[in-house]
Amino acid sequence: MDHRTEKVKELRRQAMALPLQPGVYIMKDAQNTIIYIGKAKALKNRVSQYFGSDTNHPEKVRQMVARVDHFDYIVTDSEFEALVLECSLIKQYSPKYNILLKDAKGYHYVRISPPPFSRIAIARQKLDDGARYMGPFVSSFTVQEAVDEACRVFQLPTCSRTFAKGKRERPCLNYYIKQCCAPCTGKVKESDYNERLSQALEFLTQGSEQMLKTLNARMQEAAENLEFEKAARLRDRIHAIERLGQKQKVVMSRIPEQDVIALAQGTDQLCFEVFRFHSGRLSDREDFLVDGLEREGGLPAARAEFLRRYYAMREHVPPQITVDGEIEDGELMERWLSEKTGRRVRIVQPQKGEQAQLVEMCRSNAAERIARQTGMAGRDAAALDELARLLGLPEPPAYIESYDISNTGGSNNVAGMVVFENGRPLKSAYRRFRIKTVEGQDDYGSMREVITRRLNEYEQHKEEGTGFGRLPDLILLDGGRGHVSAVRPVVASFGLDIPVFGMVKDAHHRTRAIAEDGGEIAINARRSAFTLVSSIQEEVHRWAIAYHRQQRQKNGIGTVLTEIEGIGPARAKALLRHFGSMKAIREASAEELAAVKGISRPAADAVRKYFDENG
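A. Just the overall build of the protein, in detail. From N to C terminus, the protein includes 20 helices and 19 strands. Considering the protein as a whole, with its 615 residues, one finds that 46% of them fall into the buried category. Entry remark: accessible area of the protein is about 31700 Å², with carbon and sulfur atoms responsible for 48%.

Right, dumping it as structure tokens:
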């Protein structure tokens with residue numbers, strides 16, 4: 001028995017001696033550095049789990065446990081006291097394996113470049129470069145949104161072109177879609193440009209409501225002075241601001257002040273997205289990629305730990321926090337946040353309506369962030385994340401294998417296997433199987449044979465790590481509960497824990513639900529997951545039936561020709577290759593048939609006689 005095994009046994013013995021009381025445990029490495037801090041309802045039960053079997057531990061838990069040399073603990077009077085103490089200690093020591101969030105807030109400025117044709121942009125620092133600066137502002141999101149809106153409404157350039165006097169260039173697309181006045185063409189007077197710039201700066205300082213009042217007054221004045229062109233320009237800007245307001249209503253909230261928090265899963269990371277609403281309007285947004293400890297409580301535990309870390313570094317807590325799923329110890333969390341802020345704080349998980357739509361928008365943005373990190377398309381990341389939630393998987397299935405059986409009345413039994421990697425077909429990994437051990441119409445037996453053969457291939461090639469040497473994160477069968485019940489014992493017999501589900505069709509052969517041993521999971525309400533599963537089901541069916549048709553055609557031709565005396569498989573193949581079709585063979589003369597290499601005159605006569613007699 002090696003030293004580490006002895007160490008883990010000793011740590012487990014110590015853990016079993018802990019009291020069954022709430023408290024905080026502190027894991028330390030050999031250098032006495034704190035590497036993880038956690039809370040527990042019962043210290044003995046929670047801490048001993050780390051040093052038992054590691055079969056069900058997430059990988060990062062195993063990594064942490066492998067580094068533990070000893071642990072300390074602090075008993076508290078209640079679980080709430082344990083939560084408060086845990087938050088305080090984590091903030092003090094920042095252990096490596098806890099979820100740690102960096103407060104990336106810094107000051108930002110609006111920069112107005114020197115004339116002529118000054119531009120408005122966001123800047124992180126105030127430099128001595130001859131430019132004018134507005135600020136500082138705390139939220140980069142707010143500043144960037146405001147600058148983008150001002151440039152769009154007043155058609156100010158955002159490109160990198162220079163506008164030297166007398167220089168003329170062809171305008172870019174922004175000019176044609178009326179998002180830039182195109183000073184690069186040399187046709188924009190500097191005085192007209194400066195008027196736009198001045199109004200844009202007023203827009204940034206006054207806000208859209210006050211700006212609308214100002215522009216309306218100026219438009220009326222211009223109209224009274226018969227300056228119709230100026231009045232028309234002002235009217236267009238008023239309409240642009242009003243359209244902007246309509247667009248912003250998409251992310252307005254009837255609850256004046258709240259944070260909306262949602263997460264998306266990647267293969268190695270979680271992304272938490274936070275939408276902050278003030279006065280009913282989205283005022284700030286943040287995202288956090290979390291690469292810390294994967295707690296064994298799954299997503300509810302991850303959400304709870306994120307909330308503790310996030311609000312530990314925030315002075316202000318809104319009266320409502322809207323989340324996308326269950327939170328571990330939700331009542332304790334509400335109590336902690338309420339005591340922290342001095343008023344009631346509610347944590348809600350909406351199921352429908354405006355709030356559910358805001359949560360879904362927040363989650364989609366988290367999926368986009370994961371997608372940028374991994375190089376995937378945002379919709380693929382969102383679909384895989386949604387599918388993982390739907391099926392209760394610990395993380396999105398990056399590598400999915402799907403199987404379908406195809407036959408005609410129990411003959412020409414074949415199977416198709418397709419692979420989707422990161423939500424997209426991986427055609428180089430597609431495979432086809434001819435069923436060898438099953439006779440007649442037995443789809444369950446055929447599916448068992450295919451999965452057995454596939455996993456036998458894995459045993460032979462697992463050192464390679466590619467093709468059959470790679471295990472799927474999820475197996476989807478084209479079929480219902482019966483297929484799932486037939487295949488899961490096969491997977492278990494290899495000592496593997498691969499999730500297996502079925503894909504159920506409706507009367508119109510469209511994907512309706514996902515089947516498991518105990519019933520069905522409705523999927524049509526989950527748009528992203530539904531689209532992905534439908535695509536997989538259509539693709540595996542197409543792949544399997546194409547192979548079946550190929551085999552049926554091949555076997556049909558072989559059966560007809562090989563019934564003729566003197567014609568075996570080789571001669572049948574030679575005839576088909578020479579004439580190209582059964583019709584051409586049927587219409588050929590004995591002389592033409594005998595001219596084929598390998599076909600004797602008696603054989604040619606036999607073929608001709610067969611078709612003369614059988615048509």
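Next, the rest of the story.
B. Molecular detail of the environment of Ala513. Among the structural elements, Ala513 can be located in strand β18 (residues 511-516). Between the alpha carbons of Ala513 and Gly480 there is a distance of 9.0 Å; along the sequence they are 33 residues apart. Residues within four places of Ala513 in sequence aside, it is in contact with Gly502, Met503, Val504, Glu520, Ile521, Ala522 and Ile523.

C. Molecular detail of the sheet that holds strand β1 (residues 23-28). Strand order in the open sheet made by the three strands is β2-β1-β3, with antiparallel pairing throughout. Unpaired on one side and paired on the other, β2 (34-40) and β3 (70-75) mark the two borders of the sheet. The sheet shows a mean angle of 20° between the axes of neighbouring strands, direction not considered. Where β1 meets β2, six bridges bridge the pair, whose relative direction is antiparallel. Opposite Met27, over in β2, you have Tyr36 as the bridge partner. In this fold helix α2 (residues 43-50) packs onto β1, β2 and β3, with an angle of close to 25° to the strand it touches most, β1.

D. Quick look at the sheet that holds strand β11 (residues 346-348). Overall, mixed pairing links the five strands, which are arranged β9-β8-β7-β10-β11 in an open sheet. Two strands close off the open sheet at either side, each with one partner strand: β9 (281-290) and β11. Averaged over all pairs of adjacent strands, the angle between their axes in this sheet comes to 20°, without regard to strand direction. In this sheet, strand β8 (residues 270-278) lies alongside strand β7 (residues 258-265) in antiparallel orientation, the contact comprising eight bridges. The residue bridging Ala264 from the neighbouring strand is Cys271, located in β8. Running over the sheet, helix α11 (residues 330-341) touches β10 (320-323) and β11 and is turned about 145° from β11.

E. Expanded view of the pattern of salt bridges. Scanning all chains against the criterion turns up 31 salt bridges. Between Arg111 and Asp129 there is a salt bridge, and its shortest N-O distance comes to 3.0 Å. Remark: Asp129 occurs in the loop between β5 (120-123) and β6 (132-137) and Arg111 occurs in strand β4 (residues 108-112); sequence separation between them is 18 residues. Looking at Arg111, the relative accessible area reads 24%, which means it is partly exposed. Asp129 gets classed as partly exposed once you look at its relative accessible area, which sits at 32%. A salt bridge links Arg601 to Asp605; the nearest nitrogen and oxygen atoms lie 3.1 Å apart. Of this pair, Arg601 and Asp605 both sit in helix α20 (residues 601-614), four residues apart, roughly one helical turn. Overall, the relative accessible area of 38% leaves Arg601 in the partly exposed class.

F. Helix α14 (residues 443-461), seen in detail. For α14, which comprises 19 residues, the first-to-last C-alpha distance of 27 Å matches the rise-based estimate of 27 Å (1.5 Å per residue) to within 8%. Listing the buried residues of α14 in full gives Gly445, Ser446, Met447, Glu449, Val450, Ile451, Arg454, Leu455 and Tyr458.

G. Just the packing of α14 against helix α15 (residues 481-493), in detail. Where α14 contacts α15, the axes come no closer than 9 Å and their chain directions differ by 30°. Between α14 and α15, the crossing angle belongs to the class labelled roughly parallel. By crossing handedness, the relation of α14 to α15 is classed as right-handed. For the pair formed by α14 and α15, the contact residues are Asp443, Tyr444, Met447, Arg448, Ile451, Thr452 and Leu455 on the first element and Gly482, His483, Ala486, Val487, Val490 and Val491 on the second. Tallied by class, residues from the contact of α14 with α15 come to eight nonpolar, three polar and two charged.

How each quantity is defined
- Residues numbered from 1 in each chain as written.
- Predicted model: local features only at pLDDT ≥ 70, side-chain atom pairs only at ≥ 80, totals over all residues.
- Heavy atoms only, no water.
- Helix = DSSP H or I, 4+ residues; strand = E, 2+ residues; numbered from the N terminus.
- Buried < 20%, exposed > 50% of the residue type's maximum accessible area, 1.4 Å probe, protein only.
- Areas by Shrake-Rupley, 256 points an atom, 1.4 Å probe, with all protein chains shown as cover.
- Contact = heavy atoms within 4.5 Å.
- Pairing = 2+ DSSP bridges.
- Axes fitted to C-alpha atoms, helices over the stretch in contact; angles between N-to-C directions.
- Salt bridge = Lys/Arg side-chain N within 4 Å of Asp/Glu carboxyl O.
- Expected span 1.5 Å × (residues − 1).
- Parallel < 35°, antiparallel > 145°, perpendicular 65-115°, else oblique.
- Left-handed = near helix turned anticlockwise from the far one by under 90°.
- Nonpolar A, V, L, I, M, F, W, Y, C, P; charged D, E, K, R; others polar.

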